[in-house]
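Observations on the three-dimensional arrangement
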Amino acid sequence: MKKALGTLILVILIFVGAWMFYKHSGFFLYEQSPLQYMPNMHHTRALIPQRGYDFYKNGAATRVPPSGTLSRNQKVYPYKKEDDAGKVERFVNPLPITLDVVMRGKKMYMQYCVVCHGVTGQGNGYVVPPFSQPPSLNSDKIRGYADSQIFHVITVGQNLMGAYGPQIRENDRWAAIHYLRVLQRSENPTPEDIAAFDKMLNKTGEGSK
Ligand code: HEC
């Protein structure tokens, strides 16, 4: 009985092995692995950024869009960096405040802003110094800004701060602003906020006595 089982397994293994060889070895050329007439289209050479190639005059691996052109569905931001954020039209964040949105905003903040503005928005990020210290994001000025005015600073930059519009998608910028408001509120909690926080901690048994 045992011997029969062993033989059966052996036969199956031989069969599977033969089948794989037939299918994948390339030995049966015409049937299973057709000749590649232009193999370079199957195996494209991946270009590495900033390596320098002789195909384009400037040595780049990819091209930049011709100036004055837009990709489909691309929106044009109506203001420039020189425009004062305080004078930008005031309107509220188009994104709803949900946990998902705020957590997405946190991700953006921790990815793009924290290096300069710091974990709490005080301006003590990892690159400060040598980078000059940005003003606090919890200032009366920024607390008084409409979301659209903060969006302006992120999108086109302001003085020393570069533009993050080209790097962060529009909705992710709006989400980052919701998170920035969370940071501001955590610095200036209302009595209700503190009560709600205490209640939450008490539930987990760590409440302030
Ligand atoms: C490379 C460092 C750097 C990064 C990264 C950076 N900022 Fe800034 N940010 C600055 C500096 C410096 C200023 C002050 C610019 C000035 O002098 O007007 C500033 C100014 C601001 C202001 C206006 C503050 C004011 O009082 O006028 C806001 C709002 C702001 N940043 C938000 C953000 C957000 C949100 C992000 C992430 C998407 C971000 N910044 C990323 C350096 C940075």
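The paragraphs below set out a description of the structure included in this document. (Residues numbered from 1 in each chain as written. Predicted model: local features only at pLDDT ≥ 70, side-chain atom pairs only at ≥ 80, totals over all residues.)

Now for the packing of helix 4 (residues 99–117) against helix 7 (residues 170–187). Contact geometry for helix 4 and helix 7: axes closest at 7 Å, N-to-C directions at 95°. Considered as vectors, helix 4 and helix 7 are oriented roughly perpendicular to each other. Contacts between helix 4 and helix 7 involve Val-101, Val-102, Arg-104, Gly-105, Lys-106, Met-108, Tyr-109 and Cys-113 from the first element and Asp-172, Ala-175, Ala-176, Ile-177, His-178, Tyr-179, Leu-180 and Val-182 from the second. Split by residue class, the contact of helix 4 with helix 7 holds 11 nonpolar, two polar and three charged. (Axes fitted to C-alpha atoms, helices over the stretch in contact; angles between N-to-C directions. Helix = DSSP H or I, 4+ residues; strand = E, 2+ residues; numbered from the N terminus. Parallel < 35°, antiparallel > 145°, perpendicular 65-115°, else oblique. Contact = placed C-beta atoms within 7 Å. Nonpolar A, V, L, I, M, F, W, Y, C, P; charged D, E, K, R; others polar.)

Surveying the vicinity of the ligand reveals 23 residues, the closest of which are Cys-113, Cys-116, Pro-134, Asn-159 and Met-161. Secondary structure elements with two or more residues in the shell around the ligand: helix 4, helix 5 (140–144), helix 6 (147–156) and helix 7. The biggest single contributor to the shell around the ligand is helix 4, with five residues. Its residues assigned to classes, the shell around the ligand comprises 17 nonpolar, five polar and one charged. (Near = placed C-beta within 6 Å.)

Let's shift gears to helix 6. By the criterion of burial, helix 6 is predominantly enclosed, with eight of the 10 residues buried. Along helix 6, the residues that are buried comprise Gln-149, Ile-150, Phe-151, His-152, Val-153, Ile-154, Thr-155 and Val-156. Buried residues belonging to helix 6 abut helix 5 and helix 7. In the stretch just after helix 6, Gly-157 is the one whose phi turns positive, near 85°. (Buried ≥ 20, exposed ≤ 12 C-beta atoms within 10 Å, placed from the backbone.)

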